[in-house]
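# Structural description and commentary
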Amino acid sequence: MIEGVHEIEVRMHENGYVSDQAVATSIFLLMELKKPILIEGHAGVGKTEVAKVLAKILGTELIRLQCYEGLDVSTALYEWNYQKQILRMRLEDGSTHSVEEKEEIIFSPQFLLKRPLLSAITSPNQSVVLLIDEVDRADEEFEAFLLEVLSDFQVSIPELGTIKATHIPYVILTSNRTRELSDALRRRCQYLWIDYPSFEKELSILELRLPGINPRLARQITAFMQRVRTKSLLKKPGVAETLDWAASLLLLHRDWLDRESVEATLGCIFKDIHDLQRMSKDRLDEVLAEVESVQNGP
Amino acid sequence: MDPSFQERLGQAFQPSGYRNVSARQPDGELSRNMLRFCGLLRKRGFMAGTAEAMEALRVLPRIDLEDWRAFYLVLRSLLVSRREELGGFDALFHSFWTGWGAFEHSAHQLFETPPERAGSTTRQARLAEKEGAADLAPDEHNANEATSIALYSPEEVLAGRLFHRIEQDELREMEQRIKRLSQRLATRPGRRTRVGRRGHAVDLRRSLRHSLGFGGDMVTLVRKHRRLRRLQLVLLLDVSRSMDVYSQFLLKVIYSLHSLRGKTESFVFGTNVKHVTDCFRSADINTALANLSHQVPFWSGGTRIGHSFRLFNLKYSHKFLSNRTVLIILSDGLDTEQSEAVGEELAAMKQRVAKLIWLNPLADTPGYEPLAESMAAALPHIDLFSSVERLLFGRKAQASQTA
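Let me begin by describing the structure that accompanies this report.

Parameters and conventions
Residues numbered from 1 in each chain as written. Chains lettered and ligands numbered in written order. Predicted model: local features only at pLDDT ≥ 70, side-chain atom pairs only at ≥ 80, totals over all residues. Heavy atoms only, no water. Helix = DSSP H or I, 4+ residues; strand = E, 2+ residues; numbered from the N terminus. Pairing = 2+ DSSP bridges. Axes fitted to C-alpha atoms, helices over the stretch in contact; angles between N-to-C directions. Contact = heavy atoms within 4.5 Å. Buried < 20%, exposed > 50% of the residue type's maximum accessible area, 1.4 Å probe, protein only. Arc of directions from axis to C-beta. Parallel < 35°, antiparallel > 145°, perpendicular 65-115°, else oblique. Left-handed = near helix turned anticlockwise from the far one by under 90°. Nonpolar A, V, L, I, M, F, W, Y, C, P; charged D, E, K, R; others polar. Buried area = accessible area lost by both parts, 1.4 Å probe. Salt bridge = Lys/Arg side-chain N within 4 Å of Asp/Glu carboxyl O. Polar contact = N/O pair within 3.5 Å; in protein donor to acceptor, adjacent residues only side chain to side chain. Phe/Tyr/Trp six-rings, centres within 6.5 Å; stacked < 30°, edge-to-face > 60°. Lys NZ or Arg CZ within 6 Å of the ring centre and 35° of its normal.

Next up on the list: the environment of R216 of chain A. Within the secondary structure, R216 of chain A is located in helix α11 (residues 215-228). Placed 41 residues apart in sequence, R216 of chain A and L257 of chain A show a C-alpha to C-alpha distance of 9.2 Å.

In structure tokens, the structure reads:
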């Protein structure tokens, strides 16, 4: 059993996540109160990663529900296995079972396909981590349904009756703020905003995830990314982009940043044609010069 | 409460030895103060109820109470529910809990914020400040302009040439046209399905149940089709001086839209932005216009399109724009200040909405080309560039029709 906020921070670090006290506190509260965490933040700041690392340090399974517009109960909760049901009915052709008995057979648990939400609440041994990713993409109807599941941790299936959670899962929801979530859902959750990391934090993420990296290159990359985020861009690069970019530079055997290698790998950082154009030539020189001055400074 | 916790509380929150014991010095009852703090938050619009206070109290014995940042983070996690509340929470937390003697940290140590966030907060704060100032002194910006703003007063606008009374017949005709338009505009196939005889997909679940009666043979297939979903309309109307001649016509259109469809939100902008949906909910259009004229101080003034869009994005976009929103901007795109912000802010809006439409009254003027700086910056982000007349009457309207 994990004791205290500080230990969570340490354990997350051991599992490759540079945490801070705020993230660790939220996880602590999740474990103590079983109150779901709603994580918001820009793309690529490591929202999803929190759930993955939590599953690792608890030694439990991670069940992920990716939300999208039109997500419905049969994809999120359960679905009947129609092919199997039809086959079974064919086999029942010659039997003496009545219609009611047949119905009972083909609508029994063995024909039920569990989708993420149902698997999460019926996990047999211990609480799992349930990640509900990008909940803002699902529509309001689904949000209302989700709220019902999250408050009672039970679901009813017309053919089978009510199924209650054996172990209440650790629920983490993430949102990119493309849509305002309902007050009811927010109220059910604790709130955690993850911002772009500071220079020191981003540097330690880089060093933790890419242990072999040249220290000078790591500092330059971090300084470059920190600079770039202050520019006005359509899609600001997150930590995920930093790691991608650093990995590509390592593959190219670069030990420091120069114009040429930056230009060749610009696609790792900017994922939008307007941003690429905007950061070409002059602006790139400007940022590189700034990075250089930071490096040479005290 | 656990006695050892009480003891630790006594140590941690021991006020003796600190000179500044404020008048709001808590009496040592943590739970009472927690409830009081939540009450204070609620007054400021936070969703911090008794349930949340109880949760905090339940978990506090498990943390190190001498660590004020830990205490702060627990409360923040449980009592804040959206990003916009973070700044207000910090301020309230600081002023409320400073009364506790042990609170010797400066606010800076407690709320260490990474530089980017501090940056964005100050930007927001700055804008909010500016805007606040604008609210207090609505004429300030206009006064700087060389134009004859001294003539301006809301009543005058209402009584004068713009808002002459609108007759019921005129309105009825408008409503007929808008009804037709809004049926085309307002729906698109949703992702959810409805069971029916026709439809593009077979509903296996129902078909199977149905087949039981026939010994498992699927004699009839139950089908499903996509439900139509209504889209939300958000209107942004330019009410600056250059739009005066079109205002009456456009307000009629907007009023009809509001009365015909529920899911419509309206904003007006000029040097500032204001949410005016409630004005349009009035029972008749002349009351609506009167309400508007009283509530919008920047009517018929200058235009700062980029600035207004930025304010809109900061204050309203997260609440009113979604992927099922059609955002309609009604403006001539003539700006009194040069601004790079227009393109940028429109791009941000475009990312949130299903369709971005710009209706420009000048679009039907023979020989018009969208060359004004703001309009040119806006074009790449717009899905449809047209005029209201063309949408309503399906042809290029005469310029005189709008005047």
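Before going further, it helps to spend a moment on the sheet that holds strand β6 (residues 273-275) of chain B. Backbone hydrogen bonds hold the strands of a sheet together, and the pairing may be parallel or antiparallel. Residue and element names in this part refer to chain B. Strands sit in the order β6-β5-β4-β7-β8-β9 across an open sheet of six strands; the sheet is mixed. Both outer strands of the open sheet, β6 and β9 (384-386), are each paired with one neighbouring strand and no more. Sheet twist, expressed as the mean angle between neighbouring strand axes with direction ignored, is 20 degrees. As paired elements, strand β4 (residues 232-238) and strand β5 (residues 264-269) share six bridges and run parallel to each other. Residue pairing across strands places L236 opposite F267, the latter belonging to β5. The strands that helix α15 (residues 305-315) touches are β4, β5, β6, β7 (325-330) and β8 (355-359); relative to β5, the one it contacts most, it runs at about 140 degrees.

Glancing now at helix α5 (residues 82-91) of chain A. All names here are of chain A. Of all the positions in α5, only Y82, Q85 and M89 are classed as buried. Taken around the axis of α5, the buried residues stretch over an arc of 60 degrees, which confines them to a single face. Of the exposed residues in α5, those oriented more than 90 degrees away from the buried face are Q83, L87 and L91.

To continue, consider the packing of helix α4 (residues 68-79) of chain B against helix α5 (residues 86-97) of chain B. Residues and elements named next belong to chain B. Orientation of α4 relative to α5, taken along the N-to-C sense of each, is 130 degrees, at an axis distance of 11 Å. In terms of orientation, α4 and α5 fall into the oblique class. As for how α4 packs across α5, the hand of that crossing is right-handed. Together, W68, F71, Y72, L75, R76 and L79 of α4 and L86, F89, D90, F93 and W97 of α5 make up the contact between the two elements. Class assignment of the residues belonging to the contact of α4 with α5 gives a composition of nine nonpolar, no polar and two charged.

Let us now look at the interface of chain B and chain A. Tallying the contact residues gives 50 residues for chain B and 52 residues for chain A. When chain B packs against chain A, close to 4,800 Å² is buried across both sides, 51% of that on carbon and sulfur atoms. Summed over the shared surface of chain B and chain A, the result is eight salt bridges. Between D183 of chain A and R82 of chain B there is a salt bridge whose closest N-O contact spans 3.0 Å. Where chain B meets chain A, there are 14 residue pairs in polar contact (both at pLDDT 80 or more). Of all the elements, α4 of chain B adds the most residues to the side of chain B that touches chain A, at seven residues. When grouped by side-chain class, the residues that make up the side of chain B that touches chain A number 17 nonpolar, ten polar and 23 charged.

Any pair of aromatic rings gets described here by the distance separating the centres and the angle formed by the planes. Under the counting rule described, the total for this entry stands at 24 aromatic pairs over all chains. Aromatic side chains F93 of chain B and W97 of chain B sit 6.3 Å apart centroid to centroid with 40 degrees between the ring planes, which places their arrangement in the tilted category. Residue F93 of chain B and its partner W97 of chain B are located together in helix α5, separated by four residues, close to a single helical turn. One exposure class covers both F93 of chain B and W97 of chain B, and it is buried. Relative to Y316 of chain B, the ring of F312 of chain B has its centre 5.9 Å away and its plane inclined at 45 degrees; by these criteria the two rings are tilted. With respect to burial, F312 of chain B and Y316 of chain B carry one shared label: buried. An aromatic cluster of three or more residues is present, and its members are F37, F46, W68, F71, Y72, F89, F93, F96 and W97 of chain B. Directly above the ring of Y170 of chain A sits K34 of chain A, whose terminal nitrogen or CZ lies 4.8 Å from the centroid. Sitting over the face of the ring of F111 of chain A, K84 of chain A holds its NZ or CZ atom 5.4 Å from the ring centroid.

Residue and element names in this part refer to chain A. Buried residues dominate strand β5 (residues 129-133), accounting for five of its five residues. Residues V129, L131 and D133 point to one face of β5 and L130 and I132 to the other, with burial holding for every one of them. Bridge count between strand β2 (residues 62-66) and β5: five bridges; the pairing is parallel. Bridge pairing in β5 places I63 opposite L130. Alignment of β5 against strand β8 (residues 170-175), held across four bridges, turns out to be parallel. When the sheet's bridge partners are listed, I132 is paired in β8 with L173.

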